[in-house]
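Per-entry structural report
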Amino acid sequence: MHIRFAVPADPAYPARVAAALSRVRLRRFGYVGAALAAVGAVGLAVSSALASDDRFSSLWTALLVGGLLSMLYAPWVRWRARRRSGGYAVEGGYDITDDNIMMRSGSESGGIAWDGVTRVTDDPEFWIVHVGRMPATVIPRRLMSDADAETLRAFMAGRGLLRPR
């Protein structure tokens, strides 16, 4: 397998990459925030229903507010990443073989060996490549030909990195 394609200098592309990577990394903040907000709301409701004294109402309020702020953290980080990454648009490209993924962006280049990849997750626009537990890079499907995308999908599924369709 040898897949090669170019990445144009699109100012919106780095923002989409940053959003895809941060979505994976920050998902747990939404889950923890929802749990904290739910505990805080239930605590406030029970506290007011029992007409108990206000000793714990500040605790329930703090849990509720902390949960809401935690849920808002991920969208805020994605917004900042999108806003800041527009200036990073340079031409680049990918060169994907049976051994590794080579990426080039402007004058910089780097690669990831397939042996180091632990899994690949599907995003609407990208395949997100994980090394260990962290997302390391993305492979943009829409910039590849359909035949190359199917070849790469079959390769990753064959290695057990991507669930087959």
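Procedures and definitions
- Residues numbered from 1 in each chain as written.
- Predicted model: local features only at pLDDT ≥ 70, side-chain atom pairs only at ≥ 80, totals over all residues.
- Heavy atoms only, no water.
- Helix = DSSP H or I, 4+ residues; strand = E, 2+ residues; numbered from the N terminus.
- Rg over C-alpha atoms; globule rule 2.2 N^0.38 Å.
- Buried < 20%, exposed > 50% of the residue type's maximum accessible area, 1.4 Å probe, protein only.
- Contact = heavy atoms within 4.5 Å.
- Areas by Shrake-Rupley, 256 points an atom, 1.4 Å probe, with all protein chains shown as cover.

Within the protein chain one finds 4 helices and 7 strands. Sequence-ordered secondary structure for the protein chain, helices as α and strands as β, is β-α-α-α-β-β-β-β-β-β-α. Relative to the 2.2 N^0.38 estimate, which gives 15 Å for 165 residues, the radius of gyration of the protein chain is 21 Å and therefore markedly larger than a compact globule would have. Dimensions along the principal axes, computed over C-alpha positions, put the protein chain at roughly 70 × 35 × 25 Å. Looking at the protein chain as a whole, 34% of its 165 residues qualify as buried. Contacts spanning at least 24 positions in sequence make up 58% of the contacts within the protein chain whose residues lie at least 6 apart. Surface accessibility of the protein chain: about 9,800 Å² in total, with carbon and sulfur atoms responsible for 59%.

As far as function goes, none of this settles anything; it's purely spatial.
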